Structures are given as C-alpha cells and as structure tokens.
Amino acid sequence: ETYQCFGRDNAFLMEMYKDGEARPVMCEFYNWYTPSPAHEIRGFAQHLMHGECFYNFALEHIFKYNTGANWTWDATRWDSFRAIFQKAAGIREYLAIPESAANVAQLCSESTACMFDEASSLGGRWLQHQSSLWTALQQSQVPADVIWAETLSPKKLARYKVLVMADVKMLSDAQAGMVRDWVNKGGVLIAGGSSTLFDRKPAPRKNYLLADVFGADYAGFAGVTKPAENDT
C-alpha cells in the first residue's frame, strides 16, 4: 500500500496483483484519509470485493476506543468495519472471485516500473499514472484487467480484444513478439509514445521495438528544450 486512503488506489493495487487471474489478494490499508463514514464503508467493501479478505496493518485503527497512541484513529470506524464484516460473514458462501469478463487489458511492465521511478527524470510517478489510467477506464464503463509483461503468454493475450500499454517503455524481444502476433491476429493495441523505446540498460533504442506494429518510426525528441525532462 502507498499510505493512501480507501480509494481507487486500493482497488487498483489489488487488481494489479491479481494479474488477470481469479484469485484473492491481500492489500494493506491504513485508514489514513477517511473524511466520512461513507468513505470507510466503501474502503472496507473494496477490500472484500476486490481481495476476498480483510487485512489491516494495526487493528487499533478500527478499535471502538482510542488507544491514545494511534494518530489515525477515528471514532466512526468501528461501526463501519463491523457493518461490512458482519455482512461478509452473512454472505461468505457467495463470496468468490470469478473469472474476469473484461475484454480490455492494461499492460504493465515491472522492468519499466523498477528502472523509471521517482529518482529518474524519465517517467517518474509510474504507479500514479497507471492507477489513474485504470480508474479512467473503469469510470468510462470499460472494465479492464491489469496484466504484466513479465507473465505474458499467448493464451493470456487471447482473452482480450484491446490491449492498452500507456507506459511500457521496456519489452523483451519475446514479449514484443507475443504482442506482435496478437495484433496480427486482430487485436487492437493502444500504446503511448514511449512504449518499447528503451532497452534493458535502460537506454533509448534507435527505433521502437514494435515500430512495424505501430506503423511509425522514432525520430527523436521534439517540442521541448530539455529532452531529458520528457519521457516521450
């Protein structure tokens, strides 16, 4: 967890770790920012429905009475948690994570996330960007799975009609080959301007690894006075 509130980041993180599979996950939450009981209810319900479980860093966050040492405690959380927990207990036989019906996938790259982080002038705030994209898709009524390049397979790709890779700067030859074959079989690919542009060093390639699929060649930086500050 990113020390965030009961909100969209929580849901995205749990979907991210499902990797398109029907399986429960645990996501740590801190109740850091819950401005109303409605936010609390939503947050507990999110963990139940996305992760099929509850997990809390410190139970004193939801104690009925303040311990005196818990600076994030709020008096309303006990009743909010109790309501959702009791509801879960009542419908537990019906709680299961089904196979996804989404035909859109948001492709993430762990190597990109690791190499282009907050310390880099190229593409920091990776997690926030990915979370925002997933949220925008959901709010546009486009259910989308979050899948990883590192676990990509032809069988997994075949489940989807549309693949969105907004910030997949690094793909291996094998991963790019699977995407290429999937597009050749009719898949629709939506890619950002820096997708497949970097090798494993990471250093810019002379051309996109999927230039043939994009139908476009990389010609260099444009429109900025400091190219090092532009990740496209």
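Each value, and the rule that gives it
Residues numbered from 1 in each chain as written. Predicted model: local features only at pLDDT ≥ 70, side-chain atom pairs only at ≥ 80, totals over all residues. Heavy atoms only, no water. Helix = DSSP H or I, 4+ residues; strand = E, 2+ residues; numbered from the N terminus. Buried < 20%, exposed > 50% of the residue type's maximum accessible area, 1.4 Å probe, protein only. Contact = heavy atoms within 4.5 Å. Areas by Shrake-Rupley, 256 points an atom, 1.4 Å probe, with all protein chains shown as cover. Axes fitted to C-alpha atoms, helices over the stretch in contact; angles between N-to-C directions. Parallel < 35°, antiparallel > 145°, perpendicular 65-115°, else oblique. Nonpolar A, V, L, I, M, F, W, Y, C, P; charged D, E, K, R; others polar. Pairing = 2+ DSSP bridges. Expected span 1.5 Å × (residues − 1).

### Observations concerning the overall build of the chain
Point 1. Across its full length, the chain holds 8 helices and 4 strands.
Point 2. Counting from the amino terminus, helix and strand elements in the chain follow one another as α-α-α-β-α-α-β-α-β-α-β-α.
Point 3. Looking at the chain residue by residue over its 232 residues, the buried ones come to 43%.
Point 4. Intrachain contacts of the chain at a sequence separation of at least 6 include 69% that bridge at least 24 residues.
Point 5. Taken as a whole, the chain presents about 12,500 Å² of accessible surface, with 56% of it coming from carbon and sulfur.

### Focus on the packing of helix α1 (residues 8–18) against helix α5 (residues 126–139)
Point 1. Where α1 contacts α5, the two axes come as close as 10 Å, and the packing angle between them is 95 degrees. Between α1 and α5, the angle falls in the class roughly perpendicular. Residue-level inspection shows R8, D9, A11, F12, L13, E15 and M16 of α1 in contact with α5, the latter providing W126, L127, Q130, S131, W134, T135 and Q139.
Point 2. Here the residues of the contact of α1 with α5 sort into 7 nonpolar, 4 polar and 3 charged.

### Focus on the sheet that holds strand β4 (residues 188–191)
Point 1. Spatial ordering of the open sheet is given by β2-β1-β3-β4, a layout of 4 strands whose pairing is parallel. Sheet topology places β2 (144–148) and β4 at the edges, where each strand pairs with a single neighbour. Sheet twist, expressed as the mean angle between neighbouring strand axes with direction ignored, is 25 degrees.
Point 2. With 3 bridges joining them, strand β1 (residues 104–108) and strand β3 (residues 162–165) adopt parallel strand pairing. Counted as the bridge partner of A105 is L163 from β3.

### Some details on α1
Point 1. Most of α1 is tucked away: 9 of the 11 residues are buried.
Point 2. Looking at α1, one finds that the buried residues are D9, N10, A11, F12, L13, M14, E15, M16 and K18.
Point 3. D19 lies just past α1 and shows a positive phi near 55 degrees.

### Brief notes about helix α7 (residues 173–184)
Point 1. For α7, spanning 12 residues, the distance from its first C-alpha to its last is 16 Å, which sits close to the expected 16 Å at 1.5 Å a residue.
Point 2. Within α7 the residues assigned to the buried category are Q175, A176, G177, M178, V179 and W182.
Point 3. For α7, the secondary structure elements touched by its buried residues are α6 (154–157), β3 and β4.
Point 4. Taken from the residues just after α7, G186 is the one with a positive phi, measuring 115 degrees.

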